Structures are given as C-alpha cells and as structure tokens.
Amino acid sequence: MDQRGFYQPNGAWVGDVIPWQEDGVFHLFYLHETRQMPKDGMPWRRVMTENLVDFRETGEAISSGGPSAADFNVYTGSIVLAGDGTHHAFYTGQNPVKTGDDGLPLQVVMHATSDDGMRSWQRHPSYTFGATAGYESADWRDPFVFWDEDAQIWRMLITARHADGPARRRGVIAQCTSRDLKRWEPAPPFWDPRRYLAHECPEVFKWGEWWYLVFSEFSDAFTTRYRMSRSLHGPWIVPEYDTIDGRAFYAAKSAARDGRRLFFGWIASREGAHDAGAWQWAGTMSVLEAEQRHDGTLAFHPADELRDTFSRPGEAIASGTTLHAPDGHRDVLTLQDAPSSFRLRARLEIDEGTSECGVLLRASADGDEGYVLRLEPKRGRLVFDRWPRQSTGSEQWQISGDVPFAVELERPCRLDAGEHELEVIVDGDLCVATVDNATVLSTRLYDRQSGRLGVFVGEGTVTVTEFSVFARDEVEVTPLDAADDLVAAT
C-alpha cells in the first residue's frame with residue numbers, strides 16, 4: 001500500500017484522531033498505538049495534509065507524562081484556538097496504576113497549551129480534574145471543547161457514565177463550562193439517552209441551520225453515529241440512517257474547510273492479519289466526506305481527492321451486459337487479476353424483485369472463491385461476505401469449511417428497482433465501498449491478495465450500465481477491450 005489517501009505509521013497503528021484545520025492545513029493528531037508490551041505510555045503524534053492524499057508525519061506532539069504521571073497514557077481530546085493566538089489541547093490522562101475514590105481505574109481531563117503554532121506544548125497539571133459528582137471515575141474522557149457564541153462561554157463535552165443504573169445503559173455525554181479555558185464548572189448533562197455503554201469521542205458542530213452531535217458507541221454496533229437538531233440544546237433527532245460507516249470504521253471526528261466537512265477515523269486491523277481474526281483497536285487512518293441533504297441528513301463518501309489518485313484505465317466489463325438468473329446465480333468476471341490498488345465503479349440497473357446482486361473482488365477464475373459486496377434490495381442493505389468462510393478461532397485461520405453466512409459487516413440503504421452505483425476503492429488490504437455516493441462500508445481484505453473482478457446476480461436480473469476499473473498512475477495496467485475479454489460462469 002502506497003498510503004495515498006490513507007495513513008498508517010511505520011510499525012504502528014493510528015488510534016483516535018483529533019483533527020484540527022487551520023489556514024487550509026489539516027493537523028491530524030492521533031493516538032500512536034504500537035501494541036508493544038510493556039508499553040512506554042501512549043503519546044499524541046501529528047500528521048499534516050493539505051490535499052487529503054499526501055500525509056507528512058511531524059513526530060510526537062504530546063508525549064507520555066511518564067510512569068508515575070496521571071497522563072502516562074495521553075488519550076483522546078480536542079484542540080481550540082483562543083483569541084490571543086494560543087492553541088489549547090484538552091486530553092484524557094490515564095495511568096493503569098491510579099484509581100479513583102470508587103476504586104475504578106482513573107481517567108482525568110488534562111490541559112496543555114502551545115504558543116508556537118502547535119510545534120511544542122506546555123502542560124498545566126494544576127488544571128487537571130476528574131469526574132464530577134454522580135459519575136464513575138473510570139469513564140471521564142475524550143473532552144471536546146467548543147465556543148458557544150450565543151451563551152458566550154466555552155463548553156466541554158465529556159464521555160462519562162452515571163455512577164448507578166443498568167450497567168449497559170449508563171452512558172452519558174457530561175458537560176462542563178468555562179469562561180477562561182482554565183476553570184471548569186459542572187453543568188447538566190449535554191445528552192443523556194440512557195442508551196449505550198458510553199458515547200466515545202463526542203463532538204458537535206453547526207452546518208447551515210442544523211446542529212450535529214457525533215459519537216462512537218460499542219454497545220450495539222461498535223460504530224460512529226450522529227444526531228441532528230435545530231438547536232444546540234436539542235431535542236436531538238435520530239435520522240433514518242444514523243451511522244457514518246460500519247463496524248470496521250471507528251472513532252470518527254471531523255473538521256471543516258471551504259464549506260466541506262471531512263471525517264477522520266480509523267479502519268480497524270484484524271488479529272494476525274487474517275480475515276477471520278478478531279477486530280482490533282486502532283488501524284489505518286481513513287477520510288470520509290459528508291454531504292448535507294436538503295432535509296439536513298448526511299450522506300457519506302470518500303473524498304474526491306482520493307478518487308482522483310486512480311486515473312489509469314484498467315480492464316472493464318462491457319456496458320449493456322445483462323445477467324438474468326430468475327432462480328439461480330450468474331456472474332461475469334474480468335479476464336485478468338486486478339492490481340493491488342484500484343478503484344472500481346459499477347452502475348447496475350436492478351430489476352424489480354431481484355434478491356441480490358453486486359461485485360466480486362479478488363475472485364478465482366470461476367468466481368467461486370473471493371470477496372463479495374452484495375446488494376440485497378429485499379432487505380435494503382449492503383453486506384460484505386467472503387468464500388470460503390473461515391472459523392473465527394485464531395488457531396483455525398487456515399481451516400476452510402462450510403461456515404454458514406452470518407452478517408458481520410452491513411449497511412442499511414435504499415435499493416429500489418432502478419440504477420444504483422457501487423464504488424469500491426481497494427488499496428492493499430483496505431477496502432472502502434460506497435453505494436450511491438451516500439452509504440459507506442469499510443473493511444479489510446487480508447487472505448486473498450489477488451484475483452479477478454466481476455458482477456453477479458442471484459434470483460433476478462441486473463444490467464451493467466457501467467463497470468470501470470482505474471489503477472494508480474504508478475501501477476502499469478494495459479487497458480483491455482471490454483467487449484472481448486470476459487469470463488462468464490454460471
């Protein structure tokens with residue numbers, strides 16, 4: 001993977017991203033995960049980008065405070081710029097050897113400032129504070145600070161949990177307020193749905209006439225969700241499709257530039273770098289762009305800057321190809337294997353009553369083995385599948401068998417009869433699929449490193465109105481005559 005449009009440090013992984021945009025430059029602070037034991041404490045590191053494609057690492061930003069410090073681990077937070085030109089970083093401090101008064105592992109909110117354009121940071125330990133009354137000491141993290149223009153105060157949103165109540169539904173976004181960014185006073189909860197275990201990495205922003213609340217939860221789907229309201233004070237509306245991506249894309253937070261809203265999260269790695277490995281915390285940074293619809297709801301897709309890195313035409317499937325399988329399965333595949341990095345754009349005219357259709361990735365010549373992105377109109381969803389499926393036990397990664405399909409990754413979307421676009425960007429082991437420029441599903445492709453591309457239909461009819469493949473300029477791909485180079489299998 002050449003890292004264009006994605007970012008992962010050498011020998012490490014990207015955890016939660018703290019994005020900050022200033023003068024056209026995105027400063028992307030992130031939790032630097034090495035998965036080394038014993039660890040030396042987690043720092044913030046920073047990468048910068050102007051074009052959302054090329055990232056330059058500037059090194060450690062806020063280092064671990066040391067073995068005895070409250071911020072042995074420097075966890076998620078936020079950046080703000082004060083009127084005097086000082087940058088303020090608010091972050092979570094955590095040390096495994098420290099506990100709160102309730103005996104739980106302690107988390108605290110900490111503060112650092114920079115007077116030299118975020119090149120160096122000075123800690124202010126006297127401003128540190130832990131959970132206020134009524135909240136658990138173990139969940140007091142991810143401070144998000146913003147200026148409330150109407151009230152003329154700074155607000156801080158904090159991932160917290162009530163000290164009592166059902167264990168899986170104590171999650172709350174707590175709130176503190178300040179006038180000087182130094183002294184913080186408890187305020188009523190910002191959002192208290194009693195719905196999830198916790199609401200991680202919260203943020204709010206205004207876009208046009210709407211306010212948006214974004215958070216990540218690991219009680220239900222382990223995903224990033226959003227809510228919307230006409231007022232900062234709610235009520236918060238649950239949109240029909242409230243997730244940004246699926247299970248494998250987490251902790252997304254956003255920054256704006258030139259009227260655009262970009263979300264920066266991470267595509268999780270899997271244990272052992274195998275398709276059946278357990279999902280792990282942290283992975284590779286990925287950027288999604290939000291589009292605001294007329295009703296205020298958001299559509300998501302990869303940024304055009306990433307798409308534009310794929311400009312060299314590759315093998316295609318002839319426009320107008322129709323697959324008809326009223327009670328069965330048909331597929332059409334390219335003759336050659338796809339490059340390791342590519343962008344595929346398939347426009348599919350789906351007939352009424354069709355059960356399933358979609359694209360095959362890194363498939364065998366007969367289409368029997370490979371990865372599958374399946375549109376299921378009757379269920380209104382995009383799902384990711386693979387064959388052969390493998391057992392989930394780590395010792396059985398290499399054992400293939402008839403493992404029944406159970407949805408692991410899916411996204412709900414409208415799939416009425418008619419034309420739909422399925423875009424797929426693959427870069428090494430990363431895969432980002434998008435339906436109708438609105439619904440994204442990210443995942444990993446580990447076990448099959450090569451194979452063909454194709455389209456298929458099951459119990460229905462689909463007409464391919466476009467099937468185009470584009471490679472990176474650095475990859476040598478010879479365009480093929482789409483009408484002459486097909487392999488069909490039934």
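None of the values given here were measured: they were computed from a predicted structure.

Asks: Would you mind going over the overall build of the chain with me for this structure?
Replies: The helix and strand inventory of the chain stands at 1 helix and 32 strands. Relative to its length of 490 residues, the chain is compact, with a C-alpha radius of gyration of 24 Å against a globular reference of 23 Å. Judged by the C-alpha coordinates and their principal axes, the chain covers about 70 × 45 × 45 Å. Classification of the 490 residues of the chain by burial places 60% in the buried group. Intrachain contacts of the chain at a sequence separation of at least 6 include 59% that bridge at least 24 residues. About 19,600 Å² of surface is accessible on the chain, with carbon and sulfur atoms providing 47% of the total. In the chain, 50 positive and 76 negative side-chain charges are present, and the distance between their average locations comes to 5 Å.

Asks: I'm lost on the confidence of the model for the chain in this one. Help?
Replies: A low pLDDT score tells you not to read the predicted coordinates there in detail. In the predicted model, the chain carries a mean pLDDT of 93, and 93% of its residues have values of at least 70. Segment residues 475–490 is flagged for pLDDT under 50; beyond a separation of four residues in sequence, or across chains, it makes 39 contacts in the model.

Asks: Sorry if this is basic, but what is going on with the state of the cysteines here?
Replies: What we call a disulfide is simply a covalent bond connecting the sulfur atoms of a pair of cysteines. Taken as a whole and assessed by the stated rule, the structure comprises 0 disulfides. No disulfide involves Cys 201; its sulfur sits 18 Å from the nearest other cysteine sulfur, which is in Cys 176. Cysteine Cys 431 shares no disulfide, and the gap to the nearest cysteine sulfur, in Cys 413, comes to 15 Å.

Asks: What should I look at first to understand the sheet that holds strand E6 (residues 73–81) in this one?
Replies: With antiparallel pairing, 4 strands are arranged side by side in an open sheet as E6-E7-E8-E9. Looking along the sheet, the strands with just one partner apiece sit at the ends: E6 and strand E9 (122–123). One ladder, built from 2 bridges, connects strand E8 (residues 105–114) with E9; its direction is antiparallel. Bridged to Thr 113 within E9 is Gln 122.

Asks: How should the pairing of strand E17 (residues 249–257) be read in this particular structure?
Replies: Strand residues, when the strand is regular, have side chains that alternate between the two faces of the sheet. With 8 of 9 residues buried, E17 is to be regarded as a mostly interior element. For E17 and strand E18 (residues 260–270), the ladder comprises 7 bridges, and the chain directions are antiparallel. Bridge assignment links Lys 253 to a residue of E18, and that residue is Phe 264. In sequence, E17 turns back onto E18 through a hairpin of 2 residues, with Asp 258 there showing a positive phi of about 55 degrees.

Asks: Would you explain the pattern of salt bridges in this entry?
Replies: Once their charged atoms are close, side chains differing in charge can pair, the charge on each being opposite to the other. All told, the structure shown has 40 salt bridges when counted by the stated rule. Ionic pairing is found between Glu 408 and Arg 270, a salt bridge with its closest N-O pair at 2.6 Å. With Glu 408 in the loop between strand E26 (381–387) and strand E27 (409–412) and Arg 270 in strand E18, this pair connects stretches of sequence that are 138 residues apart. Residues Arg 345 and Glu 466 are paired through a salt bridge, measuring 2.6 Å at the closest nitrogen-oxygen approach.

Calculation rules
Residues numbered from 1 in each chain as written. Predicted model: local features only at pLDDT ≥ 70, side-chain atom pairs only at ≥ 80, totals over all residues. Heavy atoms only, no water. Helix = DSSP H or I, 4+ residues; strand = E, 2+ residues; numbered from the N terminus. Rg over C-alpha atoms; globule rule 2.2 N^0.38 Å. Buried < 20%, exposed > 50% of the residue type's maximum accessible area, 1.4 Å probe, protein only. Contact = heavy atoms within 4.5 Å. Areas by Shrake-Rupley, 256 points an atom, 1.4 Å probe, with all protein chains shown as cover. Lys, Arg positive; Asp, Glu negative; His and termini not counted. Charge placed at Lys NZ, Arg CZ, Asp CG, Glu CD. pLDDT = per-residue confidence, 0-100. Disulfide = S-S within 2.5 Å. Pairing = 2+ DSSP bridges. Salt bridge = Lys/Arg side-chain N within 4 Å of Asp/Glu carboxyl O.

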